[in-house]
Amino acid sequence: MDRAHERAARLKLMAFDVDGVLTDGTIWFTADGDVMKGFSTLDGHGLRMLQMAGIELAIITGRRSKALEQRCANLQIERLYQGVEDKRAVLHTLLDELKLDATQAGYMGDDVVDLPILRACGFSATTADGHPLVRNHVDMVASRPGGRGAAREVCDFILAAQGKLDAFHARYLAD
């Protein structure tokens, strides 16, 4: 964890996959063909804390979803990239735009399609139920499954590595 801690301390950009990370991976279709997804409020608050701590957020996902667009609007996440086949290319575009290098970027994914971007980042994470190959190639494996607080666990880890988590908790413990 020392290596993961050091890498997380450098982050200025953190990006997330959606299906299997911010959701449990289940995709619900209505009779009309609309897609429904469930998102954890724990994860959502973790993402907001990263933003409040000055870490840029991005969502980079292979699928498209109006539900995801609504969730990102709710969380004020402006960098939403949907229908992406080459996630690593999007990462490099973001790094150029933000004038960052790869050591300052992180990604959380759960499946083998995420390996190229996970391996291109300074910090990488997956869920407890992420694919075994992915779990073997990341800096951090959350103890919780996708859509059930795994992203929050990673957000808390990043904030702790940067010495910012206690200040967030103190807000809720003050009298």
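Everything in this summary refers to the structure shown in the same document. Bear in mind that the values here come from a model prediction, so they are computed numbers and not experimental data. (Residues numbered from 1 in each chain as written. Predicted model: local features only at pLDDT ≥ 70, side-chain atom pairs only at ≥ 80, totals over all residues. Heavy atoms only, no water.)

Let's talk about the environment of methionine 140
Selection criterion: For the purposes of this entry, the term helix denotes a DSSP run of H or I that reaches at least four residues, the term strand denotes a run of E that reaches at least two, and both are numbered from the N terminus. Think of it in three bands: residues with accessible area under 20% of the maximum for their type are buried, residues over 50% are exposed, and the middle band is partly exposed, with areas taken using a 1.4 Å probe on protein chains only.
As for its position among the elements, methionine 140 is in strand 8 (residues 140-141). The exposure class assigned to methionine 140 is buried, which follows from its relative accessible area of 3%. Through-space distance from the C-alpha of methionine 140 to that of arginine 71 is 25 Å; in sequence the pair is 69 residues apart.

Let's talk about the nonpolar core
Inside soluble globular proteins, nonpolar side chains tend to come together where they are buried. Just so we agree on the cut-off: Put simply, a nonpolar core is a bunch of buried Ala, Val, Leu, Ile, Met, Phe, Trp, Tyr and Cys residues held in one set by side-chain atoms that sit within 4.5 Å of each other. We call two residues in contact when some of their heavy atoms are within 4.5 Å.
Ranked by size, the top nonpolar core spans 34 residues in total, and within it Met14, Phe16, Leu50, Met108, Phe123, Val154 and Ile158 carry the most contacts. At the level of elements, helix 1 (2-9), strand 1 (13-16), helix 2 (41-52), strand 4 (56-60), helix 3 (66-75), strand 7 (123-126), helix 7 (150-161) and helix 8 (165-173) are the ones that each hand at least two residues to this core. Counting residues per element, this core draws most heavily on helix 7, at 8 residues. If sequence neighbours within four positions are ignored, isoleucine 158 has contacts with Ala8, Leu11, Met14, Leu50, Ile55 and Phe123. In this structure, Ala15, Val90, Leu94 and Ala120 belong to the second largest nonpolar core, which totals 19 residues.

Considering the side chain of aspartate 19
Counting through the fold element by element, aspartate 19 comes out in the loop between strand 1 and strand 2 (28-29). Residue aspartate 19 is classed as buried on the basis of its relative accessible area, which comes to 14%.

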